Amino acid sequence: MTVRDWICAVLLLSGALFCVIGAYGVLRLPDVPSRLQAATKPQTLGLLLILAGTAVRLEPQYAVGLVLAGLFQVITAPVLSQLFGRTAYHTGAIEKSTLVTDELDERLRAERG
């Protein structure tokens, strides 16, 4: 095995491990905000590591597509997480007693007057 193969293997395996940890967090964490963290942060890092491991094996002109896929994931994951969290808040899926600070409630009250 070459150094390139080792780098690829380490990146792919570590990316897969992060994805598995994120999936486990989604299943085991108790509330919606915690699950959203588990669904976005380790999953995004895991995907980026997998894309990097794949890019190591490809020709540079083909790896550009992987960079674009990674960039799209980094841009959209936090936005979707925020939208899901806000929807869960408005539908009552989040227990407000578990929140340390409730900035959204403060903002909504200020908007109402």
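The text that follows walks through the structure, step by step, so that each part is easy to find. Predicted model, so just to flag it, every value in this text is computed and none were measured.

If you trace the backbone, alanine 110 turns up in helix α4 (residues 103-112). Here alanine 110 falls in the exposed class, since its relative accessible area comes to 60%.

On to the side chain of threonine 44, then. Relative to the helices and strands, threonine 44 is located in helix α2 (residues 32-57). Judged by its relative accessible area of 12%, threonine 44 falls in the buried class.

Right, let's get into a nonpolar patch on the surface. A contiguous nonpolar surface patch, about 390 Å² in accessible area, is contributed by Val64, Leu68, Leu71 and Ile75. For isoleucine 75, the location among the structural elements is in helix α3 (residues 60-91).

Two elements in contact, helix α1 (residues 3-28) and α2, have axes whose closest approach is 7 Å; the angle formed by their N-to-C orientations is 165 degrees. Classified by the angle their axes make, α1 and α2 are roughly antiparallel. Between α1 and α2 the crossing geometry is left-handed.

As a rule of thumb, soluble globular proteins bury nonpolar side chains together. Ala88, Tyr89, Ile94, Leu104 and Leu108 together form the largest nonpolar core, which totals 5 residues. Put simply, the parts of the chain that give this core at least two residues each are α3 and α4. Excluding its chain neighbours within four sequence positions, the residues that come into contact with alanine 88 are Val32, Ala93 and Ile94.

Looking now at the packing of α2 against α3. Packed helices, taken two at a time, are described by the angle between their axes plus the distance between the axes. Their axes nearest at 10 Å, the elements α2 and α3 cross at an angle of 180 degrees. Classified by the interaxial angle, the pair formed by α2 and α3 is roughly antiparallel. Only Ala63, Leu66, Ala69, Gly70, Gln73, Val74, Ala77, Ser81, Phe84, Gly85 and Ala88 of α3 make contact with α2, whose side of the interface consists of Val32, Leu36, Thr40, Thr44, Leu47, Leu48, Leu51, Thr54 and Ala55. Its residues assigned to classes, the contact of α2 with α3 shows 13 nonpolar, 7 polar and no charged.

Rules used in this analysis
Starting from 1, residues in each chain are numbered consecutively following that chain's sequence as written. Local features in this predicted model are restricted to residues of pLDDT 70 or higher, and side-chain atom pairs are both shown and tallied only at a pLDDT of 80 or more, whereas totals for entire chains, interfaces and linings draw on every residue. Only hydrogens and water are set aside when side-chain values are computed; all heavy atoms of the structure are taken into account. Strands are runs of DSSP state E lasting at least 2 residues, helices are runs of H or I lasting at least 4, and numbering of each runs from the N terminus. In this scheme, a residue with accessible area under 20% of its type's maximum is buried, one over 50% is exposed, and one in between is partly exposed, where area comes from a 1.4 Å probe on protein chains only. Patch members must show over 30% relative accessible area and no salt bridge, and they are joined within 9 Å when carrying like charges or within 5 Å when they are nonpolar side chains of Val, Leu, Ile, Met, Phe, Trp or Tyr. The protein chains shown are the only cover counted for residues, whose accessible areas, like all others here, come from Shrake-Rupley with a 1.4 Å probe. One speaks of a salt bridge when a side-chain nitrogen belonging to Lys or Arg is within 4 Å of a carboxyl oxygen belonging to Asp or Glu. Convention adopted: a line fitted to C-alpha atoms gives each axis, helices being fitted over their contacting stretch, and angles between N-to-C directions are expressed from 0 to 180 degrees. Comment on the angle field: the value is read as roughly parallel under 35 degrees, roughly antiparallel over 145, roughly perpendicular from 65 to 115, and oblique elsewhere. Crossings are assigned a handedness: left-handed for a near helix turned anticlockwise from the far helix by less than a right angle, right-handed for a clockwise turn. Residues belong to a common nonpolar core when they are buried Ala, Val, Leu, Ile, Met, Phe, Trp, Tyr or Cys residues joined through side-chain atoms within 4.5 Å. Contacts are residue-level and defined by heavy atoms, with any inter-residue pair within 4.5 Å sufficient. Each residue gets one label: Ala, Val, Leu, Ile, Met, Phe, Trp, Tyr, Cys and Pro are nonpolar, Asp, Glu, Lys and Arg are charged, and the others, such as Gly, are polar.

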